[in-house]
Amino acid sequence: MPKLSIGVIGVGAVGAYHLKGYAAAPKTVQITAICDINKTRLDEMGETFGVAPEKRYRDYKKMLANESLDAVSVCVPNKFHFEIASDVIQADINILLEKPITLTLAESRKLQQNLQEHPVKFMVAFSHRFFMANAAAKKLIDKNAIGKPYMMRVRYAHTGPYPGWAQSDWFYKKNIAGGGAMLDMGIHAIDICQYFIGPIETVQAEVKTLRKKIQVDDNAIALFDFGKQAQCLGYMEVGWTSSSGFTGIEVFGDKGSLRLPMGQEGVLTTGITKPDGSTTQKETTIAGFNGFDNWPLQMESFIKFCLGKKTVTDIPGIDAGHSSLAVALAAFESAATGKRIKVKR
(Lines give C-alpha, C1' and ligand atoms only; values in the text may rest on other atoms or scores of the structure.)
Protein backbone atom coordinates (compact mmCIF):
# COMPACT_ATOMS: atom_id res chain seq x y z
CA MET A 1 0.00 0.00 0.00
CA PRO A 2 1.37 3.44 -0.88
CA LYS A 3 2.47 5.59 2.04
CA LEU A 4 0.71 8.80 2.99
CA SER A 5 2.71 11.77 1.76
CA ILE A 6 2.86 14.27 4.65
CA GLY A 7 3.78 17.94 4.90
CA VAL A 8 4.20 19.98 8.08
CA ILE A 9 3.80 23.76 8.07
CA GLY A 10 5.46 25.26 11.13
CA VAL A 11 8.17 23.08 12.69
CA GLY A 12 8.64 24.80 16.03
CA ALA A 13 7.97 23.15 19.38
CA VAL A 14 4.49 21.89 18.48
CA GLY A 15 5.43 20.99 14.92
CA ALA A 16 8.21 18.81 16.29
CA TYR A 17 5.62 16.71 18.14
CA HIS A 18 3.76 16.20 14.89
CA LEU A 19 6.95 15.21 13.10
CA LYS A 20 7.82 12.70 15.82
CA GLY A 21 4.38 11.17 15.48
CA TYR A 22 4.71 10.79 11.73
CA ALA A 23 8.25 9.44 12.04
CA ALA A 24 6.92 6.74 14.37
CA ALA A 25 4.83 5.28 11.52
CA PRO A 26 7.39 4.66 8.74
CA LYS A 27 5.33 1.86 7.19
CA THR A 28 2.36 4.11 6.48
CA VAL A 29 3.78 7.64 6.35
CA GLN A 30 6.45 9.50 4.42
CA ILE A 31 7.41 12.97 5.66
CA THR A 32 7.70 14.54 2.23
CA ALA A 33 8.10 18.26 2.92
CA ILE A 34 8.32 20.79 5.74
CA CYS A 35 7.94 24.55 5.91
CA ASP A 36 8.99 27.26 8.35
CA ILE A 37 10.08 30.90 8.10
CA ASN A 38 13.00 30.18 10.46
CA LYS A 39 15.67 28.65 8.20
CA THR A 40 17.86 27.50 11.07
CA ARG A 41 14.98 25.60 12.65
CA LEU A 42 13.85 24.36 9.24
CA ASP A 43 17.24 22.83 8.50
CA GLU A 44 17.51 21.38 12.01
CA MET A 45 14.18 19.58 11.69
CA GLY A 46 14.97 18.59 8.11
CA GLU A 47 18.17 16.86 9.20
CA THR A 48 16.48 15.26 12.22
CA PHE A 49 13.61 13.78 10.23
CA GLY A 50 15.35 13.05 6.94
CA VAL A 51 13.69 15.69 4.77
CA ALA A 52 15.82 16.56 1.73
CA PRO A 53 17.04 20.19 1.45
CA GLU A 54 14.96 20.78 -1.70
CA LYS A 55 11.85 19.73 0.25
CA ARG A 56 12.38 22.36 2.96
CA TYR A 57 10.29 25.41 2.18
CA ARG A 58 10.18 28.95 3.55
CA ASP A 59 6.89 29.64 1.71
CA TYR A 60 4.00 27.23 2.38
CA LYS A 61 2.23 28.24 -0.85
CA LYS A 62 5.21 26.96 -2.85
CA MET A 63 5.16 23.73 -0.86
CA LEU A 64 1.47 23.17 -1.60
CA ALA A 65 2.02 23.98 -5.29
CA ASN A 66 5.15 21.88 -5.79
CA GLU A 67 4.44 18.78 -3.70
CA SER A 68 1.88 16.01 -4.04
CA LEU A 69 0.66 15.71 -0.46
CA ASP A 70 -2.03 13.54 1.10
CA ALA A 71 -2.13 15.38 4.42
CA VAL A 72 -0.69 18.45 6.11
CA SER A 73 -0.21 19.46 9.74
CA VAL A 74 -0.61 23.19 10.34
CA CYS A 75 1.37 24.19 13.46
CA VAL A 76 1.90 27.92 13.00
CA PRO A 77 0.99 30.75 15.42
CA ASN A 78 -2.75 31.27 15.92
CA LYS A 79 -3.10 34.37 13.75
CA PHE A 80 -2.13 32.43 10.63
CA HIS A 81 -4.35 29.35 11.13
CA PHE A 82 -7.23 30.61 9.01
CA GLU A 83 -5.30 31.64 5.90
CA ILE A 84 -3.11 28.55 5.78
CA ALA A 85 -5.90 26.11 6.65
CA SER A 86 -8.07 27.66 3.92
CA ASP A 87 -5.33 27.16 1.34
CA VAL A 88 -4.71 23.55 2.41
CA ILE A 89 -8.42 22.72 2.22
CA GLN A 90 -8.81 24.40 -1.17
CA ALA A 91 -5.85 22.34 -2.38
CA ASP A 92 -7.94 19.25 -1.49
CA ILE A 93 -5.43 18.04 1.11
CA ASN A 94 -6.39 16.40 4.40
CA ILE A 95 -5.49 18.60 7.38
CA LEU A 96 -4.58 18.41 11.04
CA LEU A 97 -4.95 21.96 12.38
CA GLU A 98 -3.61 23.13 15.71
CA LYS A 99 -5.98 24.84 18.13
CA PRO A 100 -7.63 27.31 18.28
CA ILE A 101 -8.71 26.76 14.71
CA THR A 102 -9.10 30.50 14.10
CA LEU A 103 -9.32 33.70 16.14
CA THR A 104 -12.86 34.68 15.10
CA LEU A 105 -16.15 32.85 14.55
CA ALA A 106 -16.44 34.48 11.12
CA GLU A 107 -13.19 32.85 10.05
CA SER A 108 -14.25 29.53 11.54
CA ARG A 109 -17.54 29.64 9.63
CA LYS A 110 -15.60 30.28 6.43
CA LEU A 111 -13.54 27.15 7.10
CA GLN A 112 -16.77 25.21 7.55
CA GLN A 113 -17.95 26.52 4.19
CA ASN A 114 -14.62 25.62 2.57
CA LEU A 115 -15.02 22.06 3.82
CA GLN A 116 -18.46 21.81 2.26
CA GLU A 117 -16.92 22.74 -1.08
CA HIS A 118 -13.77 20.66 -0.55
CA PRO A 119 -14.74 17.73 1.73
CA VAL A 120 -11.26 16.71 2.86
CA LYS A 121 -10.61 15.04 6.20
CA PHE A 122 -10.24 17.71 8.85
CA MET A 123 -9.03 17.19 12.41
CA VAL A 124 -8.37 19.68 15.19
CA ALA A 125 -5.36 18.95 17.41
CA PHE A 126 -7.31 18.64 20.66
CA SER A 127 -4.62 16.40 22.08
CA HIS A 128 -6.21 15.99 25.50
CA ARG A 129 -8.85 13.70 24.01
CA PHE A 130 -6.01 11.32 23.33
CA PHE A 131 -4.78 10.67 26.84
CA MET A 132 -5.62 6.98 27.30
CA ALA A 133 -7.39 7.69 30.61
CA ASN A 134 -9.53 10.39 29.00
CA ALA A 135 -10.42 8.13 26.08
CA ALA A 136 -11.41 5.39 28.53
CA ALA A 137 -13.39 7.86 30.65
CA LYS A 138 -15.44 9.01 27.66
CA LYS A 139 -16.49 5.42 26.98
CA LEU A 140 -17.47 4.93 30.64
CA ILE A 141 -19.56 8.11 30.66
CA ASP A 142 -21.33 6.98 27.49
CA LYS A 143 -22.01 3.58 29.13
CA ASN A 144 -23.59 5.30 32.16
CA ALA A 145 -20.88 3.96 34.49
CA ILE A 146 -21.12 7.02 36.75
CA GLY A 147 -24.77 7.75 36.04
CA LYS A 148 -25.86 11.14 34.76
CA PRO A 149 -23.02 13.64 35.22
CA TYR A 150 -23.93 16.72 37.25
CA MET A 151 -20.52 18.38 37.73
CA MET A 152 -17.24 18.53 35.83
CA ARG A 153 -14.03 20.23 36.90
CA VAL A 154 -10.92 20.80 34.78
CA ARG A 155 -7.66 22.32 35.95
CA TYR A 156 -4.95 22.68 33.32
CA ALA A 157 -2.03 24.74 34.61
CA HIS A 158 1.71 24.95 34.11
CA THR A 159 4.40 27.63 34.06
CA GLY A 160 3.63 28.71 30.50
CA PRO A 161 5.51 28.56 27.19
CA TYR A 162 9.13 28.88 28.18
CA PRO A 163 12.35 29.88 26.38
CA GLY A 164 14.01 26.87 24.77
CA TRP A 165 10.66 25.16 24.12
CA ALA A 166 8.81 27.86 22.21
CA GLN A 167 10.88 29.09 19.26
CA SER A 168 9.84 32.71 19.82
CA ASP A 169 7.72 34.83 22.14
CA TRP A 170 4.65 34.81 19.88
CA PHE A 171 2.55 33.11 22.58
CA TYR A 172 2.71 36.36 24.57
CA LYS A 173 1.78 38.76 21.76
CA LYS A 174 -1.89 39.73 21.55
CA ASN A 175 -1.92 40.43 17.81
CA ILE A 176 -0.47 37.00 16.98
CA ALA A 177 -1.79 34.69 19.70
CA GLY A 178 -5.16 36.36 20.22
CA GLY A 179 -5.11 35.32 23.87
CA GLY A 180 -2.94 33.61 26.44
CA ALA A 181 -3.77 30.79 28.83
CA MET A 182 -7.42 30.85 27.71
CA LEU A 183 -6.62 30.02 24.09
CA ASP A 184 -3.72 27.73 24.98
CA MET A 185 -4.90 25.54 27.86
CA GLY A 186 -8.47 26.83 28.12
CA ILE A 187 -9.43 25.72 24.64
CA HIS A 188 -8.37 22.16 25.57
CA ALA A 189 -10.42 22.30 28.77
CA ILE A 190 -13.46 23.57 26.91
CA ASP A 191 -13.20 20.84 24.30
CA ILE A 192 -12.90 18.04 26.84
CA CYS A 193 -15.88 19.41 28.79
CA GLN A 194 -18.04 19.47 25.67
CA TYR A 195 -16.75 16.09 24.53
CA PHE A 196 -17.68 14.46 27.83
CA ILE A 197 -20.94 16.31 28.60
CA GLY A 198 -22.24 18.22 25.57
CA PRO A 199 -22.50 21.82 24.35
CA ILE A 200 -21.89 24.57 26.89
CA GLU A 201 -24.78 27.04 26.79
CA THR A 202 -23.63 29.86 29.09
CA VAL A 203 -20.31 31.05 30.50
CA GLN A 204 -19.28 33.30 33.35
CA ALA A 205 -15.53 33.97 33.48
CA GLU A 206 -12.61 35.95 34.81
CA VAL A 207 -9.65 36.24 32.43
CA LYS A 208 -6.69 38.15 33.83
CA THR A 209 -2.97 38.80 33.64
CA LEU A 210 -1.96 38.25 37.26
CA ARG A 211 1.80 37.66 37.34
CA LYS A 212 3.57 37.72 33.98
CA LYS A 213 4.43 40.99 32.26
CA ILE A 214 2.84 40.01 28.96
CA GLN A 215 0.15 41.32 26.61
CA VAL A 216 -2.19 38.35 27.09
CA ASP A 217 -3.88 36.59 30.00
CA ASP A 218 -1.87 34.26 32.24
CA ASN A 219 -4.82 32.90 34.27
CA ALA A 220 -8.50 32.29 33.68
CA ILE A 221 -11.42 30.66 35.45
CA ALA A 222 -14.86 29.96 34.05
CA LEU A 223 -18.21 28.56 35.18
CA PHE A 224 -20.14 26.56 32.60
CA ASP A 225 -23.83 25.66 32.37
CA PHE A 226 -24.56 22.82 29.96
CA GLY A 227 -28.27 23.64 29.83
CA LYS A 228 -31.59 22.24 31.06
CA GLN A 229 -31.32 18.93 29.22
CA ALA A 230 -27.83 18.11 30.49
CA GLN A 231 -28.51 19.35 34.03
CA CYS A 232 -24.78 19.67 34.58
CA LEU A 233 -22.44 22.45 35.65
CA GLY A 234 -18.72 22.80 34.98
CA TYR A 235 -15.71 24.67 36.29
CA MET A 236 -12.46 25.41 34.47
CA GLU A 237 -9.22 26.82 35.83
CA VAL A 238 -6.27 27.37 33.51
CA GLY A 239 -3.01 29.18 33.97
CA TRP A 240 0.58 29.83 32.97
CA THR A 241 1.88 30.58 36.48
CA SER A 242 1.55 27.25 38.26
CA SER A 243 4.26 24.72 39.06
CA SER A 244 2.19 22.67 41.52
CA GLY A 245 -1.29 21.47 42.35
CA PHE A 246 -3.69 18.99 40.78
CA THR A 247 -3.78 19.10 37.00
CA GLY A 248 -6.44 17.10 35.26
CA ILE A 249 -10.16 16.34 35.19
CA GLU A 250 -12.85 15.27 37.64
CA VAL A 251 -16.38 14.24 36.62
CA PHE A 252 -19.11 13.55 39.17
CA GLY A 253 -22.28 11.62 38.40
CA ASP A 254 -25.27 10.20 40.24
CA LYS A 255 -23.65 6.75 40.55
CA GLY A 256 -19.94 7.53 40.76
CA SER A 257 -17.06 9.72 39.69
CA LEU A 258 -13.96 9.84 37.49
CA ARG A 259 -10.60 11.31 38.50
CA LEU A 260 -8.21 11.82 35.62
CA PRO A 261 -4.86 13.36 36.66
CA MET A 262 -2.95 14.48 33.59
CA GLY A 263 -0.44 11.90 32.42
CA GLN A 264 -1.38 9.35 35.09
CA GLU A 265 -3.77 6.47 35.62
CA GLY A 266 -7.46 7.33 35.68
CA VAL A 267 -9.64 6.16 38.55
CA LEU A 268 -13.34 5.23 38.44
CA THR A 269 -15.14 5.39 41.79
CA THR A 270 -18.56 3.76 42.03
CA GLY A 271 -21.00 3.00 44.82
CA ILE A 272 -22.59 5.06 47.59
CA THR A 273 -22.28 5.82 51.28
CA LYS A 274 -25.52 5.00 53.16
CA PRO A 275 -27.07 7.06 55.97
CA ASP A 276 -25.86 4.49 58.52
CA GLY A 277 -22.26 5.14 57.49
CA SER A 278 -21.72 1.91 55.58
CA THR A 279 -20.26 2.24 52.11
CA THR A 280 -20.20 0.25 48.90
CA GLN A 281 -17.67 2.46 47.19
CA LYS A 282 -15.13 0.81 44.93
CA GLU A 283 -12.16 2.27 43.07
CA THR A 284 -11.01 0.86 39.73
CA THR A 285 -8.06 1.88 37.56
CA ILE A 286 -9.41 2.62 34.09
CA ALA A 287 -6.18 3.07 32.12
CA GLY A 288 -2.92 1.40 32.97
CA PHE A 289 -0.55 3.70 31.11
CA ASN A 290 1.26 6.20 33.35
CA GLY A 291 2.78 8.99 31.29
CA PHE A 292 2.14 11.51 28.54
CA ASP A 293 0.74 9.25 25.86
CA ASN A 294 -1.53 11.78 24.17
CA TRP A 295 0.76 13.15 21.45
CA PRO A 296 1.73 9.75 19.99
CA LEU A 297 -1.91 8.59 20.08
CA GLN A 298 -3.12 11.82 18.50
CA MET A 299 -0.76 11.45 15.56
CA GLU A 300 -1.51 7.74 15.20
CA SER A 301 -5.22 8.58 15.17
CA PHE A 302 -4.82 11.23 12.47
CA ILE A 303 -2.94 8.76 10.30
CA LYS A 304 -5.68 6.15 10.77
CA PHE A 305 -8.32 8.81 10.10
CA CYS A 306 -6.68 9.64 6.77
CA LEU A 307 -6.50 5.94 5.92
CA GLY A 308 -10.14 5.35 6.82
CA LYS A 309 -9.34 3.13 9.80
CA LYS A 310 -11.00 3.00 13.22
CA THR A 311 -9.45 5.21 15.90
CA VAL A 312 -9.28 4.78 19.70
CA THR A 313 -11.39 7.85 20.37
CA ASP A 314 -13.60 10.14 18.33
CA ILE A 315 -11.89 12.51 15.92
CA PRO A 316 -12.42 16.19 16.79
CA GLY A 317 -13.56 17.85 13.60
CA ILE A 318 -14.40 21.36 12.43
CA ASP A 319 -17.60 21.55 14.49
CA ALA A 320 -15.71 20.75 17.71
CA GLY A 321 -13.13 23.40 16.87
CA HIS A 322 -15.81 25.98 16.11
CA SER A 323 -17.85 25.24 19.22
CA SER A 324 -14.85 25.42 21.56
CA LEU A 325 -13.75 28.72 20.04
CA ALA A 326 -17.27 30.08 20.58
CA VAL A 327 -17.10 29.22 24.28
CA ALA A 328 -13.63 30.76 24.67
CA LEU A 329 -14.76 33.98 23.00
CA ALA A 330 -17.82 34.04 25.25
CA ALA A 331 -15.48 33.72 28.25
CA PHE A 332 -13.50 36.76 27.07
CA GLU A 333 -16.76 38.68 26.66
CA SER A 334 -17.91 37.66 30.12
CA ALA A 335 -14.65 38.81 31.68
CA ALA A 336 -14.88 42.15 29.87
CA THR A 337 -18.51 42.82 30.79
CA GLY A 338 -18.85 41.08 34.16
CA LYS A 339 -21.93 39.26 32.85
CA ARG A 340 -22.87 35.67 32.20
CA ILE A 341 -22.79 35.18 28.43
CA LYS A 342 -24.89 32.91 26.25
CA VAL A 343 -22.59 31.12 23.81
CA LYS A 344 -23.18 32.28 20.25
CA ARG A 345 -22.26 29.70 17.63
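Before going into details, it helps to say that this report is about the structure given with it. As the structure is a computational prediction, the values presented were derived from the model and not from experiment.

Reading the values: rules and limits
- Note on numbering: residues in each chain are counted from 1, in written sequence order.
- The predicted nature of this model means local features are confined to residues of pLDDT at least 70 and side-chain atom pairs, given and counted, to a pLDDT of 80 or more, with totals for whole chains, interfaces and linings taken over all residues.
- Just so you know, side-chain values use all the structure's heavy atoms and leave hydrogens and water out.
- In this text, helices come from DSSP runs of H or I with a minimum length of four residues, and strands from runs of E with a minimum of two, each type numbered from the N-terminal end.
- Values of the radius of gyration come from C-alpha atoms, whereas the globule rule sets the reference at 2.2 Å times the count of residues to the power 0.38.
- Think of it in three bands: residues with accessible area under 20% of the maximum for their type are buried, residues over 50% are exposed, and the middle band is partly exposed, with areas taken using a 1.4 Å probe on protein chains only.
- Aromatic pairs are defined between Phe, Tyr and Trp rings, using the six-membered ring for Trp, whenever the two ring centres lie within 6.5 Å; interplanar angles under 30 degrees are classed as stacked, those over 60 as edge-to-face, and all others as tilted.
- Consider the ring centre and the ring normal. A charge sits over the ring if Lys NZ or Arg CZ is within 6 Å of that centre and within 35 degrees of that normal.
- Contacts: residue pairs with any heavy atoms within 4.5 Å of one another.
- A pairing counts as a salt bridge when a side-chain nitrogen of Lys or Arg comes within 4 Å of a carboxyl oxygen of Asp or Glu.
- In this description, strands pair whenever DSSP reports at least two bridges between them.
- Note on method: axes are straight lines fitted to C-alpha atoms, helices fitted across the in-contact stretch only, with angles between N-to-C directions ranging 0 to 180 degrees.

Attention now goes to the overall build of the chain. Of regular secondary structure, the chain possesses 10 helices and 15 strands. Relative to a compact globule of 345 residues, whose C-alpha radius of gyration would be 20 Å, the chain shows 20 Å and is just as compact. In terms of its C-alpha atoms, the chain occupies a principal-axis envelope of roughly 75 × 50 × 40 Å. Residues counted as buried form 58% of the 345 residues belonging to the chain.

To continue, consider the packing of aromatic side chains. For the structure shown, the criterion picks out four aromatic pairs. Centroid distance Tyr-17 to Trp-295: 4.5 Å. Interplanar angle 15°. Geometry classified as stacked. With Tyr-17 in helix α1 (residues 13-23) and Trp-295 in helix α9 (residues 294-307), this pair connects stretches of sequence that are 278 residues apart. Ring geometry for Tyr-172 against Trp-240: centres 5.4 Å apart, planes inclined by 75°, an arrangement best described as edge-to-face. One end of the pair, Tyr-172, is in the loop between β7 (149-157) and α7 (174-177); the other, Trp-240, is in the loop between β10 (233-239) and β11 (248-253), with 68 residues separating them in the sequence. A cation over a ring is seen here: Arg-129 above Tyr-195, with NZ or CZ 4.0 Å from the ring centre. Positioned above the aromatic ring of Phe-332 is the side chain of Lys-174, whose terminal nitrogen or guanidinium carbon lies 5.6 Å from the ring centre.

What follows is about the environment of Thr-32. Mapped onto the elements, Thr-32 comes out in strand β2 (residues 29-35). Assessed through its relative accessible area of 16%, Thr-32 is described here as buried. When the C-alpha atoms of Thr-32 and Asp-70 are compared, they prove to be 9.8 Å apart, with 38 residues separating the residues in sequence. Beyond its immediate sequence surroundings of up to four residues, Thr-32 is in contact with Ser-5, Ile-6, Val-51, Lys-55, Glu-67 and Leu-69.

As a further point, take the pattern of salt bridges. As enumerated under the stated definition, the model contains 16 salt bridges in all. Taking the shortest distance from any N to any O, the salt bridge between Lys-39 and Asp-43 comes out at 2.6 Å. Of this pair, Lys-39 and Asp-43 both sit in helix α2 (residues 39-48), separated by four residues, roughly a single helical turn. Looking at Lys-39, the relative accessible area reads 46%, which means it is partly exposed.

Turning next to the side chain of Ser-323. Its location among the elements puts Ser-323 in helix α10 (residues 318-337). In this structure Ser-323 touches Gln-194 and Arg-345, once residues within four positions along its chain are discounted.

In this section: the sheet that holds strand β5 (residues 94-97). Strand order in this open sheet of six strands is β3-β2-β1-β4-β5-β6, and the pairing throughout is parallel. If you trace the sheet from one side to the other, it starts and ends with β3 (56-57) and β6 (122-124), each paired once. Lying over the sheet, helix α4 (residues 81-90) contacts β1 (4-9), β4 (71-74), β5 and β6, oriented at roughly 165° with respect to β5.

Spatial strand order, β14-β13-β12-β11-β7-β10-β9-β8-β15: nine strands in an open sheet with mixed pairing. Sheet topology places β14 (282-285) and β15 (341-342) at the edges, where each strand pairs with a single neighbour. Relative to strand β13 (residues 267-270), strand β12 (residues 256-261) runs antiparallel, the two being bridged by four bridges. Bridged to Gly-256 within β13 is Thr-270. Across the sheet, helix α6 (residues 132-142) touches β7, β11, β12 and β13, and the angle it forms with β12 is around 165°.

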